[in-house]
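Coordinate inspection notes
Now for the letters of each chain:
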Amino acid sequence: MSLEFSADAQQKIAALRERYAVSGSAKPVVMAALHLAQKEHGHLSDDALKLVARTLDLPYAHVYGVATFYTMYKREPSGATTIRMCTNISCMLRDGYAVLEAFEKALGVKKGESTKDGAFHLVEEECIAACANAPCAIAGTQYLLDIKPGQVPEIIEQLRKKPHPEGEVV
Ligand code: FES
């Protein structure tokens, strides 16, 4: 299926191209265009990547490479609030894996999966630059710091009351 951008997204991309394109190449705009495609189409399917490639006159392989390098881009449909649990060195040394397990248990999913109600998606993440407050996670746009495994059910409860979907990037 061939996807399209909304008129608003097309305008944003055109403005970004005018501002940031270097020597006619739209490569500096690819990340913003991927965010817009994800926002409008829910996740970055192959068709969404083709849309970005076609819109920016870039090779599909380049767009695919960017989309699959950064974990903030979703290649599959996922829950509304993504919980990104860091298990890199500082978090690992302070029980990050126990916290990840607590999230898996509280949500009834394994890392990489979404809850059946579509409310949450759980991801194991590399360093999220909050090592001083390890172990930590990001829920949508909110940092969760110094997490203890026993706090996880309450964190989920609070997130159910006040979800934190991915923020506006573009
Ligand atoms: S190692 Fe977890 S935030 Fe840096």
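Here is what the cut-offs are and how they apply
- Residues numbered from 1 in each chain as written.
- Predicted model: local features only at pLDDT ≥ 70, side-chain atom pairs only at ≥ 80, totals over all residues.
- Axes fitted to C-alpha atoms, helices over the stretch in contact; angles between N-to-C directions.
- Helix = DSSP H or I, 4+ residues; strand = E, 2+ residues; numbered from the N terminus.
- Parallel < 35°, antiparallel > 145°, perpendicular 65-115°, else oblique.
- Contact = placed C-beta atoms within 7 Å.
- Nonpolar A, V, L, I, M, F, W, Y, C, P; charged D, E, K, R; others polar.
- Domains from an automatic or database assignment.
- Core = buried A, V, L, I, M, F, W, Y, C linked by C-beta atoms within 7 Å.
- Buried ≥ 20, exposed ≤ 12 C-beta atoms within 10 Å, placed from the backbone.
- Pairing = 2+ DSSP bridges.

Considerations on the packing of helix α2 (residues 30-41) against helix α4 (residues 60-69)
Packing of α2 against α4 brings their axes to within 10 Å, and their N-to-C directions diverge by 70 degrees. The angle between α2 and α4 places the two elements in the roughly perpendicular class. For the pair α2 and α4, the contacting residues are Val30, Met31 and Leu34 in the first and Val63, Val66 and Ala67 in the second. Broken down by class, the residue content of the contact of α2 with α4 amounts to 6 nonpolar, no polar and no charged.

Regarding the environment of Asp146
Summarising the element assignment, Asp146 is placed in the loop between β4 (142-144) and α7 (152-161). Distance from Asp146 to His43, taken between C-alpha atoms, is 30 Å for residues 103 residues apart in sequence.

A look at the environment of Leu100
Within the element layout of this structure, Leu100 appears in helix α6 (residues 96-107). Apart from residues lying up to four places away in sequence, Leu100 is in contact with Met85, Thr87, Lys111 and Glu124.

Some details on the domain arrangement of the protein chain
When its domains are assigned, the protein chain resolves into domain 1 (7-69) and domain 2 (81-161). On a C-alpha basis, the centroid separation for the pair domain 1 and domain 2 is 29 Å.

Section: the nonpolar core
Judged by nonpolar contacts, the single largest core of 22 residues is most densely connected at Ile83, Met85, Phe103 and Ala137. For this core, the secondary structure elements donating two or more residues are β1 (81-86), α6, β2 (120-125), β3 (137-139) and α7. Considering every element that reaches this core, the biggest residue donor is α6, with 5 residues. Each residue touching Phe103, except ones within four places of it in the same chain, is listed here: Ile83, Met85, Leu122 and Val152. Core analysis: the second largest hydrophobic core is formed by 19 residues, Ala9, Leu44, Leu51 and Val63 among them.

Some thoughts on the sheet that holds β3
Strands sit in the order β2-β1-β3-β4 across an open sheet of 4 strands; the sheet is mixed. In this open sheet, the two edge strands, each paired with only one partner strand, are β2 and β4. The sheet shows a mean angle of 20 degrees between the axes of neighbouring strands, taken without regard to direction. Pairing between β1 and β3: 3 bridges, direction antiparallel. Looking across to β3, one finds that Arg84 is bridged to Ile138. On top of the sheet, α6 reaches β1 and β2; it is set at about 155 degrees to β1, its chief contact.

Quick word on the pairing of β1
Residues in a regular strand point their side chains to alternate faces of the sheet. Judged by how many residues are buried, β1 sits mostly within the fold: 6 of 6 residues are covered. Burial of the side chains of β1 extends over both faces: Thr81, Ile83 and Met85 are buried on one face and Thr82, Arg84 and Cys86 on the other. When β1 meets β2, the two strands line up parallel, connected through 6 bridges. Along β2, the bridge assignment pairs Thr81 with Phe120.

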